[in-house]
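Secondary and tertiary structure notes
What follows is the residue order along each chain.
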Amino acid sequence: MDTGSTLAMLPLDYVEFFVFLAALCVVGIVSGRGKRGSTADYFLAGRKLPWYVVGGSYVAANVSTEHFIGLVGISYIQGAAPALAQWNTSLVEILIVFLFVPFLIRARVTTVPQYLAGRFGPGVRQAFALLTIFANITIFMAAVMYAGGLALAGFFGWPLLWCIIGTGIFAGGWAVYGGLNTVAWTGLLTAVVKIGGVGLLTILALKAMTPSGGIVDGFFSVIQHNIATTGVWRQAADAASPHLTQYGAYNRLTVFQPPDHPLIPWTGIFLSLFAVGVWYGVMNQFIVQRVLGAKDIWHARMGMLVAGYAKLLLPLIVVLPGLILFTRHPEFMLGDWKNAQHLADGGFVVLVREFLPVGLRGLLLAVLICAVQSTVSSVVNATAAILTLDVYMPLLNPGASEKQKVRFGIWASIAAILAGIAMAIYVSRQSTGIFQYMQTLNGFVAPPFAAILWVGLMWKRTNGFGAMTGIIGGFAVGALIKLAGYWAAMPGWYYAFANQAAFCLFVSCGLCVAGTLLHPALTPGVQTDPVTFWDSGDALTAGLGTRWYSSVIFWAGLLLVLTLAMMLVFSQLFFPTRVT
């Protein structure tokens, strides 16, 4: 089956798409008025974001095309396993709500590098700022602009080059116009459209799975076929098994996978959440910026819990479609393995062609553009904030006025958009996919910086020398691990990025402690009495809510129970691994 042909469209589809664009423009224009008066207005929305905007825009920035397109393909190949990454994120959100949000709000900073400067000195600040700018442009913006360009080219038949340029200008333009306030409010709108649109596709697909047309019947039919005990489904599972694990038959319906699983090894996935999860959720500027812009600590905490519940439910619209695709087309796995992966990557388009009626496909295009717009505008605003406050001010113009800083931020946003467009064009001319590359890069970048954050918040003596030792040494160890895997044949578990990230986290923590002990002098210009988890009782207990319906503890506890329950349901306890 051809997964790359252009989808049929009716005039109603184009009406749906352009009505959405008009609604987005209205929200963007209204929310961006008068938001250029100061850096707090432009980069943090005046610190006035309510909890539902914090949570909605957090989800919008985090959930992009790699979820709707990439995860459907991975779930087709690997089964339910990718759901664990989303449920782990729910656990990370709980961790962030209770341990890290108080420090971010209390610090009253605009960027994460500013916090690192006060704790570890300017060297760590500049290292983190430059790495963040590089990653934002070359990874996040390039990937989503390219995907958005592909969507426009596929639906309208326009040249890919101009689709990439148009996507970059439209998606990033809102960040230039109104700063974080526009980014956050348009993100809330796009989050609703994304989840609703892809959720509708999943419902229609489930209804088509059985003659009864029932959603519940369709769900159980999909589960039964993914157990893969008979027929072509067993043949497909057996064909994929050697590529996914060497520990016997592959279990498609458990999220707890063997140590050599390429994406979700049980040996590293939970430990890596302390590295990749904390780095992405606490130190990634374009994700954490809406937390810094919250009205107060309660709104910040509740917004993060909203994101946690969204991640709990996200597998229903990004993993379940992959299981549906396996039920419908197990034959994709029976040929060449590389071709099977290619067909899986086009699986989202297959589902749309087979289950979404013509006349509703304009909604799908709006969903894909939403995914691009929300992420790109968030990354642009975050990149401009770091360029302005962590590069321009300390290095080029320490005495800059608020007007000068905002003006530079606007030009920095434009420069980030142009750089992202250039990188997206470069990616469009390459032959390799980038989803696995993005995950591997996260596993490489996250451990050193997550390590210094953990050690710094747990040990008051941690200093700038120790932090730089952890960063430089952690990256060196991470690079050696990668190179060793190329130089010599290693066991399967060695190559899983989650295992590597967990190991690098421990090494980076140890190096940070060792560096501090070897050079215990206080770094000039940092806090003389830094806060830690152990002496911040008031901050950790602030903003927890006064009634049950506003209680952070209640909603976090419920999220924890539901998340663990989902992990338990999709485990060997309910779906035992088939004996070969």
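Residues numbered from 1 in each chain as written. Predicted model: local features only at pLDDT ≥ 70, side-chain atom pairs only at ≥ 80, totals over all residues. Heavy atoms only, no water.

Further remarks concern the overall build of the chain. Scanning the chain for helices and strands turns up 24 helices and 0 strands. Judged by the C-alpha coordinates and their principal axes, the chain covers about 70 × 55 × 50 Å. Across the 580 residues of the chain, 60% fall into the buried class. Restricting the contact set of the chain to residue pairs at least 6 apart, pairs at least 24 apart contribute 84%. Summed over its atoms, the accessible surface of the chain is roughly 22,300 Å², and 71% of this surface lies on carbon and sulfur atoms. Each charge class in the chain can be summarised by its mean position, and for the 30 positive and 19 negative side chains these summaries are 9 Å apart. (Helix = DSSP H or I, 4+ residues; strand = E, 2+ residues; numbered from the N terminus. Buried < 20%, exposed > 50% of the residue type's maximum accessible area, 1.4 Å probe, protein only. Contact = heavy atoms within 4.5 Å. Areas by Shrake-Rupley, 256 points an atom, 1.4 Å probe, with all protein chains shown as cover. Lys, Arg positive; Asp, Glu negative; His and termini not counted. Charge placed at Lys NZ, Arg CZ, Asp CG, Glu CD.)

The subject of this paragraph is the nonpolar core. Counting 164 residues, the largest nonpolar core has Phe100, Trp279, Met283, Ile324 and Phe348 as the members making the most contacts within it. With residues near it in sequence (within four places) discarded, Phe100 still touches Leu95, Val278, Val282, Leu453, Trp454, Leu457 and Phe533. Counting residues in each nonpolar core, the second largest holds 8 residues, with Ala384, Leu389, Ala400 and Ala412 among its members. (Core = buried A, V, L, I, M, F, W, Y, C linked by side-chain atoms within 4.5 Å.)

Looking at the chain as a whole, the pLDDT averages 84, with 91% of positions reaching at least 70. Confidence, read as mean pLDDT per element, is least for helix α2 (residues 39-44) in the chain (68) and greatest for helix α24 (residues 552-569) (96). (pLDDT = per-residue confidence, 0-100.)

Here we come to the pattern of salt bridges. Applying the stated criterion to the full structure yields 6 salt bridges. Asp390 is the partner of Arg125 in a salt bridge, and the nearest nitrogen-oxygen pair spans 2.7 Å. Of this pair, Arg125 sits in helix α7 (residues 122-156) while Asp390 sits in helix α18 (residues 361-396), placing them 265 residues apart in sequence. Across this residue pair, the class does not change: Arg125 and Asp390 are buried. Its salt-bridge partner being Lys460, residue Asp535 comes within 2.6 Å of it at the nearest N-O pair. With Asp535 in the loop between α22 (497-518) and α23 (537-540) and Lys460 in the loop between α20 (435-458) and α21 (464-487), this pair connects stretches of sequence that are 75 residues apart. What you see here is one network of salt bridges that share partners, running through Lys460, Asp529 and Asp535. (Salt bridge = Lys/Arg side-chain N within 4 Å of Asp/Glu carboxyl O.)

Structurally, Ile287 is set in helix α12 (residues 285-292). Judged by its relative accessible area of 0%, Ile287 falls in the buried class. Excluding residues within four positions of it along the chain, Ile287 makes contact with Tyr58, Ala61, Asn62, Tyr280 and Gly281.

All right, on to the layout of surface pockets then. Considered as a void within the structure, the second largest pocket measures approximately 290 Å³ in volume. Only α3 (51-62), α8 (160-207), α13 (297-313) and α14 (315-318) provide two or more residues apiece to the lining of the second largest pocket. Per element, the largest residue contribution to the lining of the second largest pocket is 8 residues, and it comes from α8. Partitioning the lining of the second largest pocket into residue classes produces 16 nonpolar, 3 polar and no charged. (1 Å grid on protein atoms, 1.4 Å probe; cavity = no way out; pocket = protein on both sides within 12 Å on 5 of 7 lines; lining within 4 Å. Points joined across faces, edges and corners; volume = space filled by probe spheres on them. Nonpolar A, V, L, I, M, F, W, Y, C, P; charged D, E, K, R; others polar.)

What follows deals with the packing of helix α11 (residues 266-283) against α22. At a minimum axis separation of 7 Å, α11 and α22 run at an interaxial angle of 55°. Judged by the angle between their axes, α11 and α22 are oblique. For the crossing formed where α11 meets α22, the hand is left-handed. Counting all contacts with α11, which are made through Thr267, Gly268, Ile269, Leu271, Ser272, Phe274, Ala275 and Val276, the residues of α22 involved are Ala498, Asn499, Ala501, Ala502, Leu505 and Phe506. (Axes fitted to C-alpha atoms, helices over the stretch in contact; angles between N-to-C directions. Parallel < 35°, antiparallel > 145°, perpendicular 65-115°, else oblique. Left-handed = near helix turned anticlockwise from the far one by under 90°.)

On the secondary structure map, Ser550 appears in the loop between α23 and α24. Dropping the residues within four chain positions of it, Ser550 is found in contact with Trp298, Met302, Leu544, Gly545 and Trp555.

For the rest of this paragraph, the subject is the environment of Gly196. Checked against the element boundaries, Gly196 lands in helix α8. Given the relative accessible area of 42%, Gly196 is considered partly exposed. In this structure the C-alpha to C-alpha distance between Gly196 and Ile69, which are 127 residues apart in sequence, comes to 16 Å.

Once that is clear, we can look at a nonpolar patch on the surface. A cluster of nonpolar side chains, Leu10, Leu12, Val15, Val19 and Val358, forms an exposed patch at the surface whose accessible area comes to about 410 Å². Inspection of the secondary structure puts Val15 in helix α1 (residues 11-32). The partly exposed category is assigned to Val15, whose relative accessible area is 49%. (Patch = residues over 30% accessible without salt bridge, like charges linked within 9 Å, V, L, I, M, F, W, Y side chains within 5 Å.)

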